[in-house]
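Analysis of the macromolecular model
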Amino acid sequence: MTIRTERQRVTLPPAFNLSGSHTVGWWGMVMLILTEATVFAALISSYFYLRFTSPTWPTGSIERPDLLLVSINTVILLSSSWPMQMAVRSIRRNYQGGLQIGLAIAWVLAVLFLFFEGVDFVRSNFTPQTNVYGSLYFTILSLHGLHLIAGIGLATILLIRAWRGHFNERRYQAVENTALYWHFVDAVWIVIYASLYLSVYLTS
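Residues numbered from 1 in each chain as written. Predicted model: local features only at pLDDT ≥ 70, side-chain atom pairs only at ≥ 80, totals over all residues. Heavy atoms only, no water.

Digging into the packing of aromatic side chains
Think of a pair of aromatic rings as described by two things: how far the centres are apart, and how the planes are tilted against each other in angle. Going by this rule: Pairing of aromatic side chains requires ring centres within 6.5 Å, counting the rings of Phe and Tyr and the six-membered ring of Trp. Pairs whose planes differ by under 30 degrees are stacked, by over 60 edge-to-face, and all others tilted. Where helices and strands are cited, they refer to DSSP runs of H or I of at least four residues and of E of at least two residues respectively, numbered from the N terminus. Relative accessible area decides the class of each residue, using a 1.4 Å probe on protein chains only: under 20% of the type maximum gives buried, over 50% gives exposed, and in between gives partly exposed.
Scanning the entire structure with this criterion turns up 18 aromatic pairs. A centroid spacing of 6.5 Å and a plane angle of 65° characterise the contact between Phe 40 and Phe 184, whose relative ring orientation is edge-to-face. Linking Phe 40 in helix α1 (residues 24-52) with Phe 184 in helix α6 (residues 173-203), this pair joins segments that are 144 residues apart in sequence. Both residues of the pair, Phe 40 and Phe 184, belong to the buried class.

Printed below as a string of structure tokens:
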């Protein structure tokens, strides 16, 4: 990126380039993801610590979670990573239609995931106040849900900007950063699904 002034021409280092992958914004997103990953790691570690120190799990009279709905929901959420990445690849080639379609499909799949997760919450026969299992279960899932809502908000802003033609093959930093965050949220869900759902059946 080059800045022209009246006296001199100043060339900034690659880190300040608007269109590259390793920009200041990109590194900022990476640092945010690392910070949030630490939070999730702490919660998952607490979950397993309490689980392996408890004689029964889930504790109390809570039944093991139903796998059918959450498994379908997992497929829905993980499928959203493909259209999001399609949006990135499209705008790198300045294909505006692919950008808009990819963002829209990812947005719909994420909203659908949240809807079914809400259904699963309503069907639960326990609350965060029931016991330590209920507290961790709802805390971890709610925190992930909040991150997904943030991702949906970012995708909404990108869609509006895409419709207005704000992006092209040289200007797509926001799309790339949002996709990076989106893939992180999906990856965290894989860990949550394996920990809170599958592991209960594998070791019980």
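Section: the pattern of salt bridges
Quick note on the threshold: The salt bridge definition used is simple: a Lys or Arg side-chain nitrogen within 4 Å of an Asp or Glu carboxyl oxygen.
In the structure shown here, the tally under the stated rule is 3 salt bridges. Here Asp 66 and Arg 123 are joined by a salt bridge, their closest N and O atoms 3.5 Å apart. One end of the pair, Asp 66, is in the loop between α1 and α2 (67-79); the other, Arg 123, is in helix α4 (residues 96-123), with 57 residues separating them in the sequence. Between Arg 123 and Asp 120 there is a salt bridge, with its nearest N and O atoms 3.8 Å apart. With Arg 123 and Asp 120 both in helix α4 and 3 residues apart, the pair spans about one turn of that helix. Using a relative accessible area of 47% as the deciding quantity, one classes Arg 123 as partly exposed.

Details of the nonpolar core
Just so we agree on the cut-off: The term nonpolar core refers to a set of buried residues drawn from Ala, Val, Leu, Ile, Met, Phe, Trp, Tyr and Cys, joined through side-chain atoms within 4.5 Å. Residues count as neighbours in contact if any of their non-hydrogen atoms are within 4.5 Å of one another.
Ranked by internal contacts, the top residues of the largest apolar core, which has 49 residues, are Trp 189, Ile 192 and Leu 196. Secondary-structure elements contributing two or more residues to this core are α1, α2, α3 (81-92), α4, α5 (132-163) and α6. Sort the elements by how many residues they give to this core and α6 lands first, with 13 residues. In contact with Trp 189, other than residues within four places in its own chain, are Val 70, Thr 74, Leu 77, Phe 113, Glu 117, Leu 141, His 144 and Tyr 197.

Considerations on the packing of α4 against α5
Heads up, the rule is: Between N-to-C directions, angles span 0 to 180 degrees; the directions come from axes that are lines fitted to C-alpha atoms, helices contributing only their stretch in contact. Small angles under 35 degrees read as roughly parallel and large ones over 145 as roughly antiparallel, with 65 to 115 read as roughly perpendicular and the rest as oblique. Each helix crossing is assigned a hand: it is left-handed if the near helix lies turned anticlockwise from the far helix by less than a right angle, otherwise right-handed if that turn is clockwise. Only Asp, Glu, Lys and Arg are considered charged in this grouping, and only Ala, Val, Leu, Ile, Met, Phe, Trp, Tyr, Cys and Pro are considered nonpolar; every other residue, Gly among them, is considered polar.
The contact between α4 and α5 brings their axes to 9 Å, and the two run at 155°. Classified by the interaxial angle, the pair formed by α4 and α5 is roughly antiparallel. Judged by the twist between their axes, the crossing of α4 over α5 is left-handed. The residue makeup of the contact of α4 with α5, split by class, is 20 nonpolar, 6 polar and 2 charged.

Here's the deal with a nonpolar patch on the surface
Which entries qualify depends on this criterion: Note on patches: the residues involved have over 30% relative accessible area and no salt bridge, like charges join within 9 Å, and the nonpolar side chains Val, Leu, Ile, Met, Phe, Trp and Tyr join within 5 Å. The Shrake-Rupley method, run with a 1.4 Å probe sphere, supplies the accessible areas, and residue values consider only the shown protein chains as cover.
Residues Tyr 95, Ile 101 and Ile 105 make up a contiguous nonpolar surface patch of roughly 280 Å² in combined accessible area. Tracing the backbone shows Ile 101 in helix α4.

Some words on the layout of surface pockets
Put simply, the rule is: Here a cavity is any set of points on a 1 Å grid over the protein atoms alone where a 1.4 Å probe fits but cannot get out, and a pocket is any open set with protein on both sides within 12 Å along at least 5 of 7 lines; a residue lines the site when it has an atom within 4 Å of a point. Grid points are joined across faces, edges and corners, and a volume is the space filled by probe spheres set on the points.
A volume near 210 Å³ is recorded for the largest pocket. Around the largest pocket, the lining comprises 13 residues; the ones closest to its centre are Arg 64, Pro 65, Asp 66, Ser 124 and Asn 125. Looking at the lining of the largest pocket, the elements with two or more residues in it are α4 and α5. Broken down by class, the residue content of the lining of the largest pocket amounts to 6 nonpolar, 2 polar and 5 charged.

A word on α1
Stated precisely, the cut-off is as follows: What a helix is expected to span follows from its residue count: subtract one and scale by 1.5 Å.
Counted at 1.5 Å a residue, the expected span for α1 with its 29 residues is 42 Å, and the 42 Å between its end C-alpha atoms agrees. The complete set of buried residues in α1 reads Trp 26, Met 29, Val 30, Ile 33, Glu 36, Phe 40, Leu 43, Ile 44, Tyr 47 and Arg 51.

Section: the side chain of Gln 173
The line we're drawing: N or O atoms within 3.5 Å of each other form a polar contact, as long as, within protein, one can give a hydrogen and the other can take it, and as long as residues adjacent in sequence are counted only when both atoms are side-chain atoms.
Residue placement: Gln 173 occurs in helix α6. A distance of 2.7 Å separates polar atoms of two side chains, one belonging to Gln 173 and the other to Asn 177.

A closer look at α5
The terminal C-alpha atoms of α5, which comprises 32 residues, lie 46 Å apart, in line with the 46 Å expected from a rise of 1.5 Å per residue. Sitting at the amino-terminal end of α5 is Asn 131, which places a side-chain oxygen 3.1 Å from the backbone nitrogen of Tyr 133. Positive phi appears at Gly 165, one or two residues downstream of α5, with a value of about 75°.

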